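Here is what each chain is made of, one letter per residue.
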Amino acid sequence: NADGGSSVWRTSGTMNPTVANYMARRAQLQQRNGRLQAADLGTGANNAKVNTTVVPFWNNMVAAARRAGVDLSVNNSYRTHAEQANLYATKPKGMAAPPGGSNHGLGEAVDINIPSDKVFNWLSQNAKRFGFKNLPGEDWHWEFDPKLL
């Protein structure tokens, strides 16, 4: 549909070949978590550095939020292995995934500035249409999951 819903992924009731290919190569990307190559990453709206497959879904979600008067300001997106290792070492236990274990290292997660209930409520009601879900207990953390589409 026009605002980036599941029709981007599915055609005639079957998975879009682009998505099927991405799902097939995700295991390979997981082995390079935090060490993705430049060709694997793109810059989406609001300077989110995400996996190239994720860029159009992120951009569609940001555009829909803007139309609703909501700004999805990015605090963090792709993280290198070294950046994740630093967070893991400096955050309280349980507040950061170990290096190689974060969806940030796959370019699938975006930490969004949540200055008001308006932003969180909009995301809670709409993010799934674009393939994004919230990590429970972390209002700011939204990650791409194509199975949602």
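Details of the structure are given in the entry above.
Reading guide: rules and limits
- Residues numbered from 1 in each chain as written.
- Predicted model: local features only at pLDDT ≥ 70, side-chain atom pairs only at ≥ 80, totals over all residues.
- Heavy atoms only, no water.
- Helix = DSSP H or I, 4+ residues; strand = E, 2+ residues; numbered from the N terminus.
- Buried < 20%, exposed > 50% of the residue type's maximum accessible area, 1.4 Å probe, protein only.
- Contact = heavy atoms within 4.5 Å.
- Phe/Tyr/Trp six-rings, centres within 6.5 Å; stacked < 30°, edge-to-face > 60°.
- Pairing = 2+ DSSP bridges.
- Axes fitted to C-alpha atoms, helices over the stretch in contact; angles between N-to-C directions.
- Polar contact = N/O pair within 3.5 Å; in protein donor to acceptor, adjacent residues only side chain to side chain.
- Core = buried A, V, L, I, M, F, W, Y, C linked by side-chain atoms within 4.5 Å.

Peer 1: Help me understand the overall build of the protein chain, please; the structure alone is not making it clear to me.
Peer 2: Scanning the protein chain for helices and strands turns up four helices and eight strands. Listed N to C, the secondary structure of the protein chain is β-β-α-β-β-α-β-α-β-α-β-β in terms of helices and strands. Buried residues in the protein chain amount to 42% of all 149 residues. Residue pairs at least 24 apart in sequence account for 60% of intrachain contacts in the protein chain once pairs closer than 6 positions are excluded.

Peer 1: Help me out: how do you make sense of the packing of aromatic side chains in this one?
Peer 2: Aromatic ring pairs are reported here in terms of the distance separating the ring centres and the angle at which the planes meet. The tally for this structure, following the rule as stated, stands at four aromatic pairs. The interplanar angle of 55° and the centroid separation of 6.0 Å between the aromatic rings of Phe-120 and Trp-142 together place this pair among those described as tilted. Remark: Trp-142 occurs in strand β8 (residues 138-144) and Phe-120 occurs in helix α4 (residues 117-126); sequence separation between them is 22 residues. With centroids separated by 5.5 Å and ring planes inclined at 65°, the aromatic side chains of Phe-132 and Phe-144 adopt a geometry described as edge-to-face. Highlighted residues: Phe-132 in strand β7 (residues 132-135) and Phe-144 in strand β8, separated in sequence by twelve residues. The pair formed by Phe-132 and Phe-144 is uniform in burial state, with each residue classed as buried. Through a chain of ring-to-ring contacts, three or more aromatic side chains come together here, namely Phe-57, Trp-58, Phe-132 and Phe-144.

Peer 1: Teacher, can you tell me more about the sheet that holds strand β6 (residues 109-112) here?
Peer 2: By way of backbone hydrogen bonds, the strands of a sheet pair with one another, either parallel or antiparallel. Pairing is antiparallel across the open sheet formed by four strands, whose spatial order is β5-β6-β8-β7. Two strands bound the open sheet, and with one partner strand each, they are β5 (74-76) and β7. Recorded for the sheet is a direction-independent mean angle of 40° between the axes of neighbouring strands. Pairing between β5 and β6: two bridges, direction antiparallel.

Peer 1: Mind showing me how you'd approach the side chain of His-141 here?
Peer 2: If you trace the backbone, His-141 turns up in strand β8. Take His-141: its relative accessible area is 6%, and that puts it in the buried class. Side chain to side chain, His-141 and His-104 meet in a polar contact 3.3 Å long. A polar contact of 2.7 Å, which involves the side chain of His-141, links it to the side chain of Glu-143. Excluding anything up to four places from it in sequence, His-141 contacts His-104, Ala-109, Val-110, Asp-111, Lys-133, Asn-134 and Leu-135.

Peer 1: Any chance you could explain the nonpolar core here in plain terms?
Peer 2: It is characteristic of soluble globular proteins that their nonpolar side chains tend to be buried jointly. Trp-58, Met-61, Leu-72, Ile-112, Trp-122, Leu-123 and Phe-132 are the most contacted members of the largest nonpolar core, which totals 25 residues. Listed by contribution, the elements that provide at least two residues to this core are α2 (55-67), β6, α4 and β8. Among the elements that take part in this core, α2 stands out by supplying seven residues, more than any other. Not counting chain neighbours up to four residues away, the residues in contact with Leu-123 comprise Met-61, Leu-72, Ile-112, Ile-114 and Trp-142. Core analysis: the second largest hydrophobic core is formed by six residues, Tyr-22, Leu-29, Leu-36 and Tyr-78 among them.

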